[in-house]
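Architecture and fold: a report
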Number of protein chains: 2
Amino acid sequence: MRMNEGVEWAAHVCVLLHWLDEEEPGRPVAVARIAEAYELPPAYLVKQVQVLTRAGITASVPGKHGGVRLARPAARITLMDVVAAIEGPDEAFACTEIRQRGMNADRPARDFARPCGIAHAMRGAELVWRRQLAATSILDLAASTPRDVAVAARRHFART
Amino acid sequence: MRMNEGVEWAAHVCVLLHWLDEEEPGRPVAVARIAEAYELPPAYLVKQVQVLTRAGITASVPGKHGGVRLARPAARITLMDVVAAIEGPDEAFACTEIRQRGMNADRPARDFARPCGIAHAMRGAELVWRRQLAATSILDLAASTPRDVAVAARRHFART
């Protein structure tokens with residue numbers, strides 16, 4: 001069970017956009033420049049950012065000096081938002097109700113009225129995972145980075 | 001990010017083996033019969049059970065009346081054990097340290113001495129997920145199933 005590598009990229013993109021936004025609110029950045037800054041494949045990063053935009057996390061600004069920016073303050077974007085955008089809404093554990101098959105196919109429906117205990121336990125564990133990710137915002141992540149790294153990123157992306 | 005369907009199968013196999021073990025301790029069951037009971041592809045189920053055996057969750061009993069049984073009491077097998085056996089030990093989030101590339105390639109090592117905040121947050125969330133799965137045993141899962149279903153399973157697997 002592996003998360004898409006796009007999750008790491010998307011989280012870093014959001015933190016970077018917050019750093020740049022702090023300096024110059026609302027300024028869009030070309031995705032190609034972000035790809036170059038982190039040595040990521042540009043076309044694939046564009047796709048990940050499109051997904052973030054569809055999810056309302058980033059916003060696309062058209063035009064020659066266009067690009068991408070955060071769609072809302074970093075304090076209101078959580079790591080869960082980013083994971084859900086890139087990974088999709090499905091739960092990691094998919095219950096296919098094998099308990100109702102074969103030897104149990106003729107059992108009364110009431111035996112299976114309650115969710116399968118296995119699915120219930122899996123769902124409970126995923127819920128605490130989701131809650132934990134939802135408790136961490138992009139602002140928290142930006143604050144956990146050494147100040148120098150944020151300053152260097154702003155310098156790298158400074159208008160020439 | 002999807003869990004292997006083998007996780008659902010393996011968890012049900014463990015619960016079933018516990019039910020049968022309660023009636024006749026240590027009695028092995030042919031995996032082909034378990035596959036038939038849940039309408040699962042036999043060859044693929046054999047592979048999942050081999051993985052459980054390698055992980056020390058089940059034990060293989062050779063011979064004409066051989067098969068598989070739980071290797072230890074159901075109270076000492078957790079859902080985390082089953083998930084780890086089938087999914088492997090890797091974390092779902094793989095940090096590839098993109099923070100150290102491109103524009104940051106020349107930065108001093110001290111800037112990256114602490115784990116990336118994103119990886120740290122991801123690891124924390126996985127930890128609570130793992131803890132929750134480790135808090136649920138196969139015995140708990142067996143206890144959450146309607147009594148009639150356990151009785152019917154024992155009847156289905158009764159020696160003829």
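Per chain, the residues get numbers from 1 upward, laid out in the order the sequence is written. By the order in which they are written, chains take letters starting at A while ligands take numbers starting at 1. Only residues with pLDDT of at least 70 get local features here, since the model is predicted, and only at 80 or more are side-chain atom pairs given and counted; chain-wide, interface and lining totals rely on the full set of residues. Side-chain figures throughout are based on the complete set of non-hydrogen atoms in the structure, without hydrogens or water.

Right, let's talk about the relation of the copies chain B and chain A for a bit. Least-squares superposition aligns the copies on the C-alpha atoms of those residues with pLDDT at or above 70 in both. Between chain B and chain A, which share one sequence, the superposing operator has a rotation angle of 180° and an axial displacement of 0.0 Å; the RMSD is 0.0 Å. Taken together, the rotation angle and the small translation identify this as a two-fold axis. Minimal C-alpha separation from the rotation axis in chain B is found for B:Trp129, amounting to 2.6 Å. Pairs of residues are marked as contacts when any of their non-hydrogen atoms sit within 4.5 Å. A shared interface surface links the copies, since 100% of the contact residues of chain B are contact residues in chain A too.

This next bit is on the pattern of salt bridges. Residues and elements named next belong to chain A. When a carboxyl oxygen of Asp or Glu lies within 4 Å of a side-chain nitrogen of Lys or Arg, that pair is called a salt bridge. Considering all chains together, one arrives at 14 salt bridges over all chains under this definition. Across the pair arginine 123 and glutamate 91 runs a salt bridge, and its minimum N-O distance is 3.3 Å. Taken together, the positions of arginine 123 in helix α5 (residues 117-134) and glutamate 91 in the loop between α4 (79-87) and α5 put the pair 32 residues apart, joining distant regions of the chain. Summary of the burial criterion: residues with accessible area below 20% of their type's maximum are buried, those above 50% are exposed, and those between are partly exposed, where the area comes from a 1.4 Å probe applied to protein chains only. Since its relative accessible area comes to 28%, glutamate 91 is described here as partly exposed. Helix numbering and strand numbering both begin at the N terminus, where a helix is a DSSP run of H or I of at least 4 residues and a strand a DSSP run of E of at least 2.

Further remarks concern the environment of A:Asn104. Inspection of the secondary structure assignment puts A:Asn104 in the loop between α4 and α5. For A:Asn104, a relative accessible area of 2% gives the class buried. Spatially, the C-alpha atom of A:Asn104 lies 15 Å from that of A:Arg114, the residues being 10 residues apart in sequence. Apart from residues lying up to four places away in sequence, A:Asn104 is in contact with A:Arg99, A:Phe112, B:Tyr38 and B:Val149. A polar contact is formed between the side chain of A:Asn104 and the backbone oxygen of A:Arg99, at a distance of 2.8 Å. Two N or O atoms form a polar contact when they lie within 3.5 Å of each other; inside protein one atom must be a possible hydrogen donor and the other a possible acceptor, and for residues adjacent in sequence the pair counts only when both atoms belong to side chains.

With that out of the way, let us pick up the packing of helix α1 (residues 6-23) of chain B against helix α7 (residues 147-156) of chain B. All names here are of chain B. Look at α1 against α7: their axes get within 10 Å of each other, and the N-to-C directions meet at 75°. On the basis of the axis angle, α1 is roughly perpendicular to α7. Within the contact between the two elements, α1 uses Leu16, Trp19, Leu20, Glu22 and Glu23 and α7 uses Val149, Ala150, Ala153 and Arg154. Charged means Asp, Glu, Lys or Arg here, nonpolar means Ala, Val, Leu, Ile, Met, Phe, Trp, Tyr, Cys or Pro, and polar covers whatever is left, Gly included. Residues that form the contact of α1 with α7 fall into these classes: six nonpolar, no polar and three charged. To get an axis, fit a line to the C-alpha atoms, keeping to the stretch in contact for a helix; angles then go from 0 to 180 degrees between the N-to-C directions. Angles are sorted into four bins: roughly parallel if under 35 degrees, roughly antiparallel if over 145, roughly perpendicular if 65 to 115, and oblique for all others.

Note that all results are geometric; they support no functional claim without further evidence.
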